[in-house]
Amino acid sequence: MAEALQEAGIPFYPIYDTVTIRKAGNGYRDYQGVRNVSKSASAQYEYLLTSGSRDTGKKTYYLVSPKYEEEIMTSLLESAKKKGVENLGLTGIADMMYADYRSDSISDNETGAYWEKALETAAASADSLLLQGAYAYAFPYADVIVNAPVFSSQFDVEDEAVPFYEMVVGGSAALYSTPVNESGNVREMLLKAVEYGVSPTFQLMTAQRDALQDTEYQKYYSLCWGDWEQEIKDVLKEFEALDSILGQRIVSHEKLGGKVYATTFENGDIVYVNYGQEDVIVEQITVPAWGFVRKGDK
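Description of the structure in this document. The model shown is predicted, which means the values in this text are computed figures rather than measured ones.

Criteria and cut-off values
Residues numbered from 1 in each chain as written. Predicted model: local features only at pLDDT ≥ 70, side-chain atom pairs only at ≥ 80, totals over all residues. Heavy atoms only, no water. Pairing = 2+ DSSP bridges. Helix = DSSP H or I, 4+ residues; strand = E, 2+ residues; numbered from the N terminus. Axes fitted to C-alpha atoms, helices over the stretch in contact; angles between N-to-C directions. Phe/Tyr/Trp six-rings, centres within 6.5 Å; stacked < 30°, edge-to-face > 60°. Buried < 20%, exposed > 50% of the residue type's maximum accessible area, 1.4 Å probe, protein only. Lys NZ or Arg CZ within 6 Å of the ring centre and 35° of its normal.

## Here's the deal with the sheet that holds strand β11 (residues 270-274)
Right, so step 1: Taken together, 4 strands build an open sheet; the order of strands is β9-β10-β11-β14 and the sheet is antiparallel. Each end of this open sheet is capped by a strand with a single partner; those strands are β9 (250-257) and β14 (291-294). Adjacent strand axes in the sheet meet at a mean angle of 15° when their direction is disregarded.
Right, so step 2: Strand direction decides the pairing type here: strand β10 (residues 260-265) and β11, joined by 5 bridges, are antiparallel. The residue bridging Tyr261 from the neighbouring strand is Val273, located in β11.

## Some remarks on the sheet that holds strand β1 (residues 15-17)
Right, so step 1: Taken together, 6 strands build an open sheet; the order of strands is β1-β4-β5-β6-β7-β8 and the sheet is parallel. Only two strands of the sheet have a single neighbouring strand rather than two, namely β1 and β8 (199-201). Across the sheet, the mean angle separating the axes of adjacent strands is 25° when strand polarity is ignored.
Right, so step 2: Relative to strand β7 (residues 174-179), strand β6 (residues 144-146) is paired through 2 bridges, and the arrangement is parallel. Bridge assignment links Ile145 to a residue of β7, and that residue is Leu175.

## Section: the packing of aromatic side chains
Right, so step 1: Applying the stated criterion across every chain yields a total of 7 aromatic pairs.
Right, so step 2: Ring geometry for Phe239 versus Phe292: centroids 6.0 Å apart, planes at 65°, classification edge-to-face. With Phe239 in the loop between α6 (225-238) and β9 and Phe292 in strand β14, this residue pair connects regions lying 53 residues apart in the sequence.
Right, so step 3: The buried category is assigned to Phe292, whose relative accessible area is 11%.
Right, so step 4: Considering the side-chain rings of Tyr275 and Trp290, the 6.1 Å spacing of their centres and the 85° angle between planes classify their relative orientation as edge-to-face. Here Trp290 lies in the loop between β13 (285-287) and β14 and Tyr275 lies in the loop between β11 and β12 (280-282), a separation of 15 residues in the sequence.
Right, so step 5: Each residue in the set Tyr261, Tyr275 and Trp290 is aromatic and connected to the rest through ring pairs, giving one cluster.
Right, so step 6: Over the aromatic face of Tyr61 sits the side chain of Arg22, whose NZ or CZ is 4.3 Å from the ring centroid.

## So, the pairing of β9
A regular strand carries its side chains on alternate faces of the sheet.
Right, so step 1: For β9 and β10, the ladder comprises 6 bridges, and the chain directions are antiparallel. Within β10, the residue paired with Ile250 across the bridge is Phe265.
Right, so step 2: Remark: 2 residues form the turn of the hairpin made by β9 and β10, two consecutive strands paired antiparallel; Gly258 in that turn has positive phi of roughly 60°.

Below you can see the structure in the form of structure tokens.
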């Protein structure tokens, strides 16, 4: 797959988790796990959404103590270099903070300093670094950030949402959304990506979904490439109009009224997004219902 992507000129980022210990081996040791307040190994569990009780069908896992993270990262980078991996993807380290209560305890705030050191090492070694989700401490090291937020918590006390994350990071790292095909409302997800200047992503496999039944990956759904092929082609064609803004820094974002929003980017382009059920005219430009227009389009 890596060779096929390279021939097609598509960057390939194998993604590694350097903070979760699923089993000893492959560079991980049991003693490297964090400790709880009683100094015993802090076991982590999966829980059922339906009842909130522990999912006994899932294996127990552990989290790496921050003090061992750079050692593990160095080992990973050496292995990646031997295998010719140029671009690197990391998950967990960029958006997970926790404490370690061993004798020389480490607070969750101190964990960030350990993560930064490991990320600095990774960024210096890899040609390009992709992070799945990223807190502020990880921003300086990311070339690509996936799972960039495009929705607020949507609590009832909130009136409006603004693309604050994208305003801060946009222009310094390429931003990508969470998988569109795992959204409850695909069209709304795509429009949010447009409004926030984020490229959409899809999570796919060639097999049918039932191939994941009774596995650790059954939480993923709607992944079959055959079901999404035409939809993805349509999205790519629709998003061609946005080539000039994706990756640009946002300089202004405003609600024009109703369900219409305008986002201005540093190159001067403006995108109007309409979440309403009817077409809307903005500055003599018709913005279609559940659609968008980049200012300057005919």
